[in-house]
Amino acid sequence: MAATEGGVSLARIASIRDAEATRFREARPKSEAAFGNGVEGFLDGVPMHWMNDWPTPFPIVVEKARDATITDIDGNKLADFCLGDTGSMFGHSPAPVAKAIRRQARRGLTYMLPSEDVLSLGELLVARFGLPYWQIATTASDANRFALRVARAVTDRPKILVFNGCYHGAVDETMVRLSDGKPINRPGLAGEFRDLTQNTKIVEFNDLPALEAALADGDVACVITEPVLTNCCMVLPEPGFHEGLRAITRRHGTLLLIDETHTISTGPGGYTRKYDLEPDLFVLGKPVAGGVPASVWGMSAELSRRYDAYNLRREPGHSGMGTTLSANPLQFAAMRAVLEEVMTEENYAHMEKLAGRLAKGLEDSIARHELAWHVQRVGARVEFICAPGPLKNGGDAEGAHASGLEAAIHVALVNRGVLIAPFHNMMLISPVTTKKQVDKLIAAFGDIAKALVA
Ligand SMILES: Cc1ncc(COP(=O)(O)O)c(C=O)c1O
């Protein structure tokens, strides 16, 4: 039998990928002249190495992005379902955010002191997410790092626990994987000289007995997890998983950090609010300031009491938390605009409705072409997976990746005017995404699926 990926022959994938790469090039002479060989002065020709990781032959060079549309320097318009991999989940430059940025730009951009926006921001965060104490950082990676530090400090335990397949940003201690059931450093880590598995335990998502066993030693400060794993295809919690996770962590004196950075697609209060989760620590980054780099991390009243007590006995000195540009007035202004005017029930209703339409359209197409693929969704975040589902955990998800096939699909979608997230098959609906754009994606996907099985 011929070799396949996602049920499609490798030969077919290669021929589609070649044809789509040629089509991509022909539509982008200016971009190719600018970026075809990278740009001088940058390592590997790009200011951030991820820009080379898109499956297109060279990066799409953006002229501008408005609402949910990107225009490249060759004049091609793309319906944008990547939305900066969630940073622009509420659309590009939402009007209230742009206005707040303009207002703040006249008043200074950073001064390591509060502005008046802070007076309402604290209340907005408490009311929105239900936890009483908050801090502002600049990236979700930093927020996770700081929250984990607090967890270790108050519990006086050295270890954390993650689920296989997780991603929480550039947080060193979360970079582990299971390989044949054995914990290892995540392959490919540059410059990592430590055995991260010494202080990070790892079990599969949805495996409560394994979690119970891993926490039984009483040395784990904190479990950090997304409520739905969104960075290894998409793995939903099985019924009872979150209740079990909370009960087991409490039983073993382990704190629970819920990272909502992607699952904020669920609704205005994230998955936590919709499903009444009770985290000790909560992290949200990416879209919380509408594309201005910012993140928030919050803690429960009980944890804040323990942290106060810890600080009384801590030796004086730098806590190791905080960065100079964190909690600056531009972040306050933009975040306030997002919380007050952008993350509204009305906007989420629109996102939810169109995401449902998209998921159904993709499912119909998959069924019509008899592909053994599936679609998952968490609110406004939709993912197609080129393997049967549902996936149970990160190990399953690793086996479901079809990187060559996915790359061919991504470039073919771009050639049909649609951009989805690189690395996996994530599509986001913003408040300004239109039904027409969703239907365009469904049609493009159908067209490509037909070509793949032809
Ligand atoms: C769940 C989750 N947490 C944290 C991060 C890190 O975000 P940032 O790269 O903005 O620090 C990511 C990034 O993809 C993420 O998916």
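What comes next is a walk through the structure. (Residues numbered from 1 in each chain as written. Predicted model: local features only at pLDDT ≥ 70, side-chain atom pairs only at ≥ 80, totals over all residues. Heavy atoms only, no water.)

### Description of empty space enclosed by the protein
Part 1 of the reasoning: Under the counting rule described, the total for this entry stands at one cavity of 30 Å³ or more.
Part 2 of the reasoning: Volume-wise, the largest cavity comes out at about 40 Å³.
Part 3 of the reasoning: What lines the largest cavity is Trp54, Pro55, Thr56, His410, Val411, Val414, Val418, Leu419 and Ile420.
Part 4 of the reasoning: Every element with two or more residues in the lining of the largest cavity is listed here: helix 13 (403-415) and strand 17 (418-419).
Part 5 of the reasoning: A per-element tally of the lining of the largest cavity places helix 13 first, with three residues.
Part 6 of the reasoning: When grouped by side-chain class, the residues that make up the lining of the largest cavity number seven nonpolar, two polar and no charged. (1 Å grid on protein atoms, 1.4 Å probe; cavity = no way out; pocket = protein on both sides within 12 Å on 5 of 7 lines; lining within 4 Å. Points joined across faces, edges and corners; volume = space filled by probe spheres on them. Helix = DSSP H or I, 4+ residues; strand = E, 2+ residues; numbered from the N terminus. Nonpolar A, V, L, I, M, F, W, Y, C, P; charged D, E, K, R; others polar.)

### Some points on the sheet that holds strand 13 (residues 281-284)
Part 1 of the reasoning: Here we have seven strands laid out as an open sheet, ordered 6-14-13-12-11-7-10, and mixed in their pairing. Of all the strands in the sheet, the pair left with one neighbour each is strand 6 (133-137) and strand 10 (200-203). Strand-to-strand, the axes of this sheet are offset by a mean angle of 20°, without reference to chain direction.
Part 2 of the reasoning: Bridge count for strand 13 against strand 14 (residues 295-299) is four bridges, and the pairing is antiparallel. In the strand pairing of strand 14, Leu284 is matched with Val296.
Part 3 of the reasoning: Running over the sheet, helix 5 (residues 140-155) touches strand 6, strand 7 (159-163), strand 11 (220-225), strand 12 (255-259), strand 13 and strand 14 and is turned about 20° from strand 14. (Pairing = 2+ DSSP bridges. Axes fitted to C-alpha atoms, helices over the stretch in contact; angles between N-to-C directions. Contact = heavy atoms within 4.5 Å.)

### Regarding the packing of aromatic side chains
Part 1 of the reasoning: Taken as a whole and judged by the stated rule, the model has 15 aromatic pairs.
Part 2 of the reasoning: Plain terms: the ring middles of Phe90 and Tyr348 are 6.1 Å apart, the flat faces sit at 75° to each other, and that makes the pair edge-to-face. Placement of the pair is Phe90 in the loop between strand 5 (77-80) and helix 3 (95-105) and Tyr348 in helix 11 (residues 345-368), with a sequence separation of 258 residues. Comparing Phe90 with Tyr348, the two get one shared label, buried.
Part 3 of the reasoning: When the ring of Phe163 is compared with that of Phe205, the centres are 5.4 Å apart and the planes differ by 85°; the resulting orientation is edge-to-face. With a gap of 42 residues between them, Phe163 in strand 7 and Phe205 in the loop between strand 10 and helix 6 (208-215) connect regions that are remote in the sequence. With respect to class, Phe163 is no different from Phe205; both count as buried. (Phe/Tyr/Trp six-rings, centres within 6.5 Å; stacked < 30°, edge-to-face > 60°. Buried < 20%, exposed > 50% of the residue type's maximum accessible area, 1.4 Å probe, protein only.)

### A look at the site of the ligand
Part 1 of the reasoning: Neighbouring the ligand are 13 residues, the closest being Ser141, Asn231, Asp259, His262 and Lys286.
Part 2 of the reasoning: Taking Asn231, its side chain carries an N or O atom lying 2.9 Å from an oxygen atom of the ligand.
Part 3 of the reasoning: A distance of 2.6 Å is found between a nitrogen atom of the ligand and a side-chain nitrogen or oxygen belonging to Asp259.
Part 4 of the reasoning: Summarising the interface, the protein chains cover 87% of the accessible area of the ligand, which totals 390 Å² for the free molecule.
Part 5 of the reasoning: Here the shell around the ligand gets three residues from one element, more than from any other, and that element is helix 5.
Part 6 of the reasoning: Split into classes, the residues belonging to the shell around the ligand amount to two nonpolar, eight polar and three charged. (Near = heavy atom within 4 Å. Polar contact = N/O pair within 3.5 Å; in protein donor to acceptor, adjacent residues only side chain to side chain. Areas by Shrake-Rupley, 256 points an atom, 1.4 Å probe, with all protein chains shown as cover.)

### Topic: unusual backbone geometry
Part 1 of the reasoning: For the bond from Gly389 to Pro390, the omega torsion is 0°, close enough to zero to count as cis.
Part 2 of the reasoning: Residue placement: Pro390 occurs in the loop between strand 16 (381-385) and helix 12 (394-400).
Part 3 of the reasoning: With phi around 100°, Thr86 is a residue other than glycine that occupies positive phi space.
Part 4 of the reasoning: With respect to the helices, strands and loops of the structure, Thr86 is situated in the loop between strand 5 and helix 3.
Part 5 of the reasoning: Thr86 sits in the buried class, given a relative accessible area of 0%.

### Here we look at the pattern of salt bridges
Part 1 of the reasoning: Taken as a whole and assessed by the stated rule, the structure comprises 23 salt bridges.
Part 2 of the reasoning: The salt bridge involving Arg152 is made with Glu173; its shortest N-O contact spans 3.1 Å. On the criterion of sequence distance, the pair formed by Arg152 in helix 5 and Glu173 in the loop between strand 7 and strand 8 (176-179) is long-range, its members being 21 residues apart.
Part 3 of the reasoning: Salt bridges sharing partners connect three or more residues here, namely Arg103, Asp117, Arg336 and Glu340. (Salt bridge = Lys/Arg side-chain N within 4 Å of Asp/Glu carboxyl O.)

### Quick look at the pairing of strand 3 (residues 62-66)
Part 1 of the reasoning: Taken together, the four bridges between strand 3 and strand 4 (residues 69-72) define a ladder with antiparallel strand orientation. Of the residues in strand 4, the one forming a bridge with Arg66 is Thr69.
Part 2 of the reasoning: Counting the residues that bridge the hairpin from strand 3 to strand 4 gives two residues, and of these Asp67 lies at a positive phi of roughly 50°.

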